[in-house]
Amino acid sequence: MKIATTDDVDRIRDIVTAAYSKYVPRIGRRPAPMDADYDALVKGGKIFVLKREASVLGLIVLGRENDALTVGNLCVAPEAQGKGFGRVLMAHAETTARSMRLPAITLFTNEKMHENIALYSKLGFVETGRRTEQGFERVYFRKALDRVSDVARCV
């Protein structure tokens, strides 16, 4: 896992577009991650990439809000999905949160991305609410962290 550099931005955009395009018909518009400012996120040190050799396979956008590490986006290239890379990215988030001595991780997803809702629940996240923001119906989750990573045990 490495912090993304400006050299990674084009590949990050390509991965996000490829991974989220399938949701456009379901949601009725482009999902928010497709329009994020990845140049600014990279410059701000918010994106970490998972690489195999020189190729970016996935990314995670991390931030902090109150007492939690926030996952702003977790995305794996479609050709790399189903191989456990999402879990590796989430394990990195847990490690980061623990290193910052934060007791939890929070995230949200669109309510029409039911695959994500099932995955986050499986990873130990608990739904904390639903609300509409910027025209998106969002489902919010929080995972309290203990000393042993549930994600790391699954990897």
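Residues numbered from 1 in each chain as written. Predicted model: local features only at pLDDT ≥ 70, side-chain atom pairs only at ≥ 80, totals over all residues. Heavy atoms only, no water.

All right, on to the overall build of the protein chain then. Counting secondary structure elements, the protein chain contains six helices and seven strands. Going from the N terminus to the C terminus, the protein chain shows its helices and strands as β-α-α-α-β-β-β-α-β-α-β-β-α. Against the globule reference of 15 Å for 155 residues, the protein chain gives a C-alpha radius of gyration of 15 Å, in line with a compact fold. Dimensions along the principal axes, computed over C-alpha positions, put the protein chain at roughly 35 × 35 × 30 Å. Residues counted as buried form 45% of the 155 residues belonging to the protein chain. Restricting the contact set of the protein chain to residue pairs at least 6 apart, pairs at least 24 apart contribute 61%. Per element, the accessible surface of the protein chain, about 8,300 Å² overall, is 50% carbon and sulfur. Distance between charge centres in the protein chain, computed from 25 positive and 19 negative side chains, equals 4 Å. (Helix = DSSP H or I, 4+ residues; strand = E, 2+ residues; numbered from the N terminus. Rg over C-alpha atoms; globule rule 2.2 N^0.38 Å. Buried < 20%, exposed > 50% of the residue type's maximum accessible area, 1.4 Å probe, protein only. Contact = heavy atoms within 4.5 Å. Areas by Shrake-Rupley, 256 points an atom, 1.4 Å probe, with all protein chains shown as cover. Lys, Arg positive; Asp, Glu negative; His and termini not counted. Charge placed at Lys NZ, Arg CZ, Asp CG, Glu CD.)

Attention now goes to the environment of Val61. Among the secondary structure elements, Val61 is positioned in strand S3 (residues 55-65). Val61 has contacts with Leu41, Lys46, Ile47, Thr70, Val71, Gly72 and Asn73, leaving out every residue within four places of it along the chain.

Another point: the sheet that holds strand S2 (residues 47-52). Sheet architecture is open: seven strands sit in the order S1-S2-S3-S4-S5-S7-S6, paired in mixed fashion. Both outer strands of the open sheet, strand S1 (2-3) and strand S6 (126-133), are each paired with one neighbouring strand and no more. Across six bridges, the pairing between S2 and S3 is antiparallel. Its bridge partner lying in S3, Val49 is registered against Leu59. (Pairing = 2+ DSSP bridges.)

To continue, consider the packing of aromatic side chains. Within this structure, the stated rule accounts for four aromatic pairs. Taking the centre distance of 6.2 Å and the plane angle of 55° together, the rings of Tyr20 and Tyr23 count as tilted. As far as the burial class goes, Tyr20 and Tyr23 line up, both buried. For the pair Phe108 and Tyr140, a centre-to-centre distance of 5.1 Å together with 40° between the ring planes defines the contact as tilted. Pair noted here: Phe108 is in strand S5 (residues 104-110) and Tyr140 is in strand S7 (residues 136-144), with a separation of 32 residues, a long-range link. When its relative accessible area of 36% is taken as the criterion, Phe108 is described as partly exposed. (Phe/Tyr/Trp six-rings, centres within 6.5 Å; stacked < 30°, edge-to-face > 60°.)

Moving on, we get to unusual backbone geometry. Despite not being glycine, Glu53 has its phi angle at roughly 55°, a positive value. Position of Glu53 among the secondary structure elements: in the loop between S2 and S3. Positive phi, close to 55°, is recorded for Gln134, a residue that is not glycine. Of note, Gln134 is situated in the loop between S6 and S7. For Gln134, a relative accessible area of 64% corresponds to the exposed category.

Once that is clear, we can look at the confidence of the model for the protein chain. Chain-level statistics for the protein chain give a pLDDT mean of 92 and a share of 94% at 70 or above. Within the model, the stretch residues 148-153 combines pLDDT values under 50 with 12 contacts to residues more than four positions away or in other chains. (pLDDT = per-residue confidence, 0-100.)

Another point: the nonpolar core. The nonpolar side chains of soluble globular proteins are, as a tendency, buried together. Counting residues in hydrophobic clusters, the biggest one holds 45 residues, and the most contacted among them are Ile12, Ile47, Leu59, Val71 and Met90. Once residues within four sequence positions are removed from consideration, Ile12 is found in contact with Ala4, Tyr38, Val42, Ile47, Val49 and Leu59. (Core = buried A, V, L, I, M, F, W, Y, C linked by side-chain atoms within 4.5 Å.)

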